[in-house]
Amino acid sequence: MSLEVSARSFPEKAHEALGRERLQKTLGYLRFGSAAGRRAVMARFPEFDTYRDLGKAIKDHTLAHLDTYMEMFLEKAAAAGAHVHWAADGAEARAIILDICRKRGTRTVTKSKSMVSEEIELAEHLSAHGIRAVETDLGEYIVQIRGERPSHIIGPAIHLTKEDVEETFRKVHDDLPPGRPLGTPVELISEARLKLRDDFLNADVGISGANFLIAETGTVVLVTNEGNAELTTGVPKTHIVLTGIEKLVPTLEDATALLRLLARCGTGQDLTAYTSFITGAARPGDADGPEETHIVLLDNGRSRMLRTEFEEMLRCIRCGACLNQCPVYTAVGGHAYGSVYPGPMGAVLTPMLASVDEAGHLPNASSFCGKCEEVCPMRIPLPRMMRHWREREFERGLAPPAMRSGLGLWRTLAGWPAAYRLALGLAARVLRGRGREGFIRTLPFIGAGWTEHRDMRAPEGGTFLAQWSARAGRERRP
Ligand code: SF4
């Protein structure tokens, strides 16, 4: 199974999201809060660019020698007592995990947050086979009991207000006394803790993802802020790690360099509250830990990206910074994308993991402002890769007819410079005429979508070409 998406309905879902008042309120916090938060973090981390170069170099080197480091990881992880499994796609990964659970007579599984498990819809698969899969990250738990998918790769419930969460708990937690106050985040967290405690203690199997895999030691690195991953990986007798193959790094030192970037770009912390390094199962004499550890390495389309124009996407450390700064994501939220990977990183990754036929809308949902690339700690050229997808979409005849005819018209005009200048000058005059106090409130026809939810700046001064010619003329004058 490749990635299941419903990205074809992006335009309709985006339109609907723009009209949802509560969603716009929560996205407003992200729009205004994340830029300020980022500025504060960067002020405390002047070595950011040096670490970005280092992070890029580490990942590029690993991807260039993926086979070597993969073999090293397999050998070291096995030597530490872990059972390592290879899954070519989601169906294989789900079958492997279900088989492990069945052999242990599993009734309940606790899960810490893992986007890869969302990618293959693991919780749903286990539930369909009679195994309760309980999400233990607070955001994941909330969206799970609401029957939703995460809307952000770092903050799964970022689309919800605390009133939404209170309503959900009152509806779903049937043993909740009606008088119990749930008006504050602390009260909501306590309520979720109470519900999750028994599952933490009684789960037969714990499933986690991995933030990094260290080849030289066979170690799995996990970062969280809630401590739920530690209870998920340490309490049950069996621990299963489900992770993508791109999480590999050669050394412990490489992992710690990337951790410095991940925490700062993901949540604005210098370091996350919990950072766990897990090597194999519990050894004799260990105070706790699982008796058995399994690591399921998932490909699911990732190796297809190697040695292509999309290889650099495999550097992604899932920090979420590109989502937080994207004007499209922060206007429509994650659910509109119809993929577990939303925002700019999802616009590149989803067509690769699903197909451009299914997810062609996503790379088009970008203004190419370049902010995503500017903030990406791994220096991933996201706009360039979205442009590659647009080219492929165009070549395959998937671009909408209006876009194809618009581009055809533009190409004809561009071949006739005089006609091009005339048409541009005319268009600028018409737009200037529609402007009121510097803004255009509505545009007709194809432009109506642009002004439906925001105003457009009216053109000022001459066209770019006119200004360029005037400047060139001035520079030529002695
Ligand atoms: S593409 Fe870059 S900014 Fe976006 S999630 Fe990945 S690493 Fe973070």
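Residues numbered from 1 in each chain as written. Predicted model: local features only at pLDDT ≥ 70, side-chain atom pairs only at ≥ 80, totals over all residues.

**Examining the site of the ligand**
Line of reasoning, step 1. Around the ligand, the surrounding shell holds 15 residues, and the nearest of these are Cys316, Cys319, Cys322, Met345 and Cys376.
Line of reasoning, step 2. Grouping the constituent residues of the shell around the ligand by class yields 13 nonpolar, one polar and one charged. (Near = placed C-beta within 6 Å. Nonpolar A, V, L, I, M, F, W, Y, C, P; charged D, E, K, R; others polar.)

**Focus: the packing of helix α15 (residues 343-353) against helix α19 (residues 382-395)**
Line of reasoning, step 1. Where α15 contacts α19, the axes come no closer than 9 Å and their chain directions differ by 40 degrees. In terms of their interaxial angle, α15 and α19 are classed as oblique. The two elements α15 and α19 meet at a crossing, and its hand is left-handed. On α19, the residues touching Pro344, Met345, Ala347, Val348 and Pro351 of α15 are Leu382, Met385, Met386 and Trp389.
Line of reasoning, step 2. Taken together, the residues of the contact of α15 with α19 sort by class into nine nonpolar, no polar and no charged. (Axes fitted to C-alpha atoms, helices over the stretch in contact; angles between N-to-C directions. Helix = DSSP H or I, 4+ residues; strand = E, 2+ residues; numbered from the N terminus. Parallel < 35°, antiparallel > 145°, perpendicular 65-115°, else oblique. Left-handed = near helix turned anticlockwise from the far one by under 90°. Contact = placed C-beta atoms within 7 Å.)

**Points about unusual backbone geometry**
Line of reasoning, step 1. Positive phi, close to 60 degrees, is recorded for Arg307, a residue that is not glycine.
Line of reasoning, step 2. Relative to the assigned elements, Arg307 resides in the loop between β10 (292-298) and α13 (321-324).
Line of reasoning, step 3. For Phe368, which is not glycine, the phi torsion reads 55 degrees and is therefore positive.
Line of reasoning, step 4. Assignment of secondary structure puts Phe368 in the loop between α17 (361-364) and α18 (371-375).

**Description of α15**
Residue pairs three or four apart in sequence face the same way in an α-helix, which turns once every 3.6 residues.
Line of reasoning, step 1. Counting buried residues along α15, eleven of its eleven residues qualify, which places the element largely inside the surrounding structure.
Line of reasoning, step 2. Residues of α15 that are buried in the fold lie against α13, α14 (329-332), α16 (356-359), α17, α18 and α19. (Buried ≥ 20, exposed ≤ 12 C-beta atoms within 10 Å, placed from the backbone.)

**Considering the sheet that holds strand β9 (residues 274-278)**
Line of reasoning, step 1. Spatial strand order, β8-β5-β6-β9: four strands in an open sheet with mixed pairing. Pairing within the sheet leaves two strands with one partner each, and these edge strands are β8 (248-249) and β9.
Line of reasoning, step 2. Bridge count for strand β5 (residues 212-214) against strand β6 (residues 219-224) is three bridges, and the pairing is antiparallel. When the bridges of β6 are listed, Ile214 appears paired with Thr219. (Pairing = 2+ DSSP bridges.)

**Quick notes on the environment of Ser34**
Line of reasoning, step 1. Within the secondary structure layout, Ser34 lies in helix α2 (residues 21-43).
Line of reasoning, step 2. Distance in space between the C-alpha atoms of Ser34 and Leu413 is 41 Å, their sequence separation being 379 residues.
Line of reasoning, step 3. Once you skip the residues sitting within four places of it in the chain, Ser34 turns out to touch Asn324 and Gln325.

**Focus on the packing of helix α9 (residues 162-172) against helix α10 (residues 185-202)**
Line of reasoning, step 1. The interhelical angle for the contact between α9 and α10, taken along N-to-C directions, is 35 degrees, at an axis separation of 11 Å. The crossing of α9 and α10 is left-handed. Here Lys162, Val165, Glu166 and Phe169 of α9 lie close against α10, whose contacting residues are Pro185, Leu188 and Glu191.
Line of reasoning, step 2. When its residues are assigned to classes, the contact of α9 with α10 shows four nonpolar, no polar and three charged.

**A few points about the nonpolar core**
Line of reasoning, step 1. Leu242, Val296, Cys322 and Leu382 are the most contacted members of the largest nonpolar core, which has 90 residues in total.
Line of reasoning, step 2. The residue makeup of this core includes at least three contributed by each of domain 1 (8-44 + 325-399) and domain 2 (49-303).
Line of reasoning, step 3. Excluding anything up to four places from it in sequence, Leu382 contacts Cys322, Pro344, Met345, Val348, Cys372, Glu373 and Cys376.
Line of reasoning, step 4. Judged by nonpolar contacts, the second largest core, of twelve residues, contains Leu27, Tyr141, Ile158 and Leu160. (Core = buried A, V, L, I, M, F, W, Y, C linked by C-beta atoms within 7 Å. Domains from an automatic or database assignment.)

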